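So the chains spell out like this:
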Number of protein chains: 2
Amino acid sequence: MYDLILKNIARFIQLTPDETDRFTSIIKTRTLRKRQYLVQAGDVFRYECFVNKGALRIYHIDNNGQERIVNFAFEGWWTGDMYSFLSGQPALYNVDALEDCELLMIEKNNLEQLYIDIPKFDRFFRILLQNAYIAMQRRISDGMSLSAEQRYIDFLNRYPQFEQRLTLRQIASYLGITPESLSRIRRQRMSKN
Amino acid sequence: MYDLILKNIARFIQLTPDETDRFTSIIKTRTLRKRQYLVQAGDVFRYECFVNKGALRIYHIDNNGQERIVNFAFEGWWTGDMYSFLSGQPALYNVDALEDCELLMIEKNNLEQLYIDIPKFDRFFRILLQNAYIAMQRRISDGMSLSAEQRYIDFLNRYPQFEQRLTLRQIASYLGITPESLSRIRRQRMSKN
DNA sequence: AAAAAACATTAACCTATGGTAAGGGTAGGC
DNA sequence: GCCTACCCTTACCATAGGTTAATGTTTTTT
């Protein structure tokens, strides 16, 4: 049950058996069925979530009523709504399940006590966030510099294993274009090669 | 000299006098003249930098040779090249001074020893990164959802104090549009109001 | 102070992508 | 097993923003 999350943590910090027990004792598990919400924008959401199985999307609804996927979360990734978690204010984003999911969740108060008792977890999440920072900075500069087609090609190269688990609409939304545009890009690429 | 950085740190953690001394002992100061590089893409850069005075930009050169500003850094902000700092690989971005600057710099080895000696600094940078994460997530979704004009208006609302310190080209580059487009947007806004 | 370089503005034109609509395919609910 | 709803594709037109170029202005260099 906890294999994947413990391996994920062991990438950056080493826990003693006691610390491992302490950590797993605050984990709550939750399953989601496909399409089920984990977070709805506007609700307060006080958990950091580790995806043990399945896939989710983080998205918001823009002024034109379009769903815009800000990110995905697959097995081994962390998700939630950082803003709501940190501030206690209503969540900015929706998070829902693209497939049946199994989540490991840590409640805010429990995590804050964990930070106090085992400061190594401050370190773990610091390193996790540094990596997220690098990835997001690249997404920002790619979004400014690259054409829709180039962003699509980069997406395929970066996440070849996920393409088949996502629909065209989901990929288009993540890339910041319409499904029609992505369909056109695919056709043009077919005829080129 | 250290007032601003100590106040910045005191937002999230409390240091004892000894810890404060320990911290300030590893700070190196550096001044940059306007246009001077702090980091050049391709060089290894092993410092986290706090802007005590002045302003910088983080940018990269895209495939068309255009400078794309990924972010600014004003007094009280942290900057550097997170990728190079973490991995020891060549930096992905250029960072240079938009004004004469005074920087407080922490070398990687010193910071890593500081993390070990005073784990509160793990916590400090964790919280700093969480806030950066929220800001970057918003930039990604704004970049996908909003028109160039809306992004410009949001920029003015969010950073009214910085507009006058930046040129039109710099703001346009940050917004991901050409200077010509921003000039057109400004003119249209003038005639509307 | 002069020369050179970079910046801002405007205009005319171009292109990538969005909007809309329609047809056929596929999957999930009853 | 049918129906409904959603998904993908294609086509045609609309438009925001890019490109190029010309002009005047400001800043930097010498």
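The following paragraphs examine the structure supplied in this document.

**Focus: the interface of chain A and chain B**
So, step 1. The partner chain B presents 37 residues to the 37 residues of chain A that form the contact.
So, step 2. If you sort the residues of chain A by the area they bury against chain B, A:Met136, A:Ile140 and A:Met144 come out on top, with a joint share of 18%.
So, step 3. Taken together, the links from chain A to chain B amount to 4 salt bridges.
So, step 4. At the junction of chain A and chain B, the tally comes to 10 residue pairs in polar contact (both at pLDDT 80 or more).
So, step 5. Where the side of chain A that touches chain B is concerned, the elements lending two or more residues are strand 4 (55–61), strand 5 (67–74), helix 3 (82–87), helix 4 (108–117), helix 5 (120–145) and helix 7 (168–175) of chain A.

**Regarding the nonpolar core**
So, step 1. Core analysis: the biggest nonpolar cluster contains 46 residues, and A:Leu38, A:Leu56, A:Leu103, B:Leu38, B:Leu56 and B:Leu103 have the highest contact counts within it.
So, step 2. Those residues in contact with B:Leu38, other than ones at most four positions away along the chain, are B:Arg30, B:Leu32, B:Phe45, B:Cys49, B:Leu56, B:Thr79, B:Val95, B:Asp96, B:Leu103 and B:Met105.

**Quick look at the relation of the copies chain A and chain B**
So, step 1. The two copies are related by a screw motion: chain A maps onto chain B through a turn of 180° and a shift of 0.0 Å along the axis, at an RMSD of 0.0 Å. Taken together, the rotation and translation relating the two chain copies correspond to the operation of a two-fold axis. For chain A, the minimum C-alpha distance to the rotation axis belongs to A:Arg126 and amounts to 2.1 Å.
So, step 2. The residues that chain A uses at the interface reappear at the interface of chain B in 100% of cases, marking a shared surface.

Here is what the cut-offs are and how they apply
Counting of residues starts from 1 at the beginning of each chain's written sequence and follows it residue by residue. Chain labels run from A onward and ligand labels from 1 onward, assigned in the order the entries are written. For this predicted model, a pLDDT threshold of at least 70 governs which residues receive local features, and a threshold of 80 or more governs which side-chain atom pairs are given and counted, while totals over whole chains, interfaces and linings are taken from all residues. With hydrogens and water set aside, each side-chain value is computed from the structure's full complement of heavy atoms. When checking whether two residues touch, look at their non-hydrogen atoms; a contact exists if any pair is within 4.5 Å. Each of two parts loses accessible area, computed with a 1.4 Å probe, when they are put together; buried area is these two losses added. Salt bridge, as applied in this entry: a Lys or Arg side-chain nitrogen positioned within 4 Å of an Asp or Glu carboxyl oxygen. Polar contacts, as counted here, are pairs of nitrogen or oxygen atoms within 3.5 Å of one another; within protein the pair requires one atom able to donate a hydrogen and one able to accept it, and residues that are adjacent in sequence qualify only if both atoms are side-chain atoms. By the criteria applied, helices consist of DSSP H or I runs no shorter than four residues and strands consist of E runs no shorter than two, each listed in order from the N terminus. As used in this record, nonpolar core signifies buried Ala, Val, Leu, Ile, Met, Phe, Trp, Tyr and Cys residues forming a set joined through side-chain atoms within 4.5 Å. Buried residues are those whose accessible area, probed at 1.4 Å on protein chains only, stays under 20% of the maximum for their type, while exposed residues exceed 50% and partly exposed ones sit between those limits. In superposing the copies, a least-squares fit is computed on C-alpha atoms, taking residues whose pLDDT is at least 70 in both.

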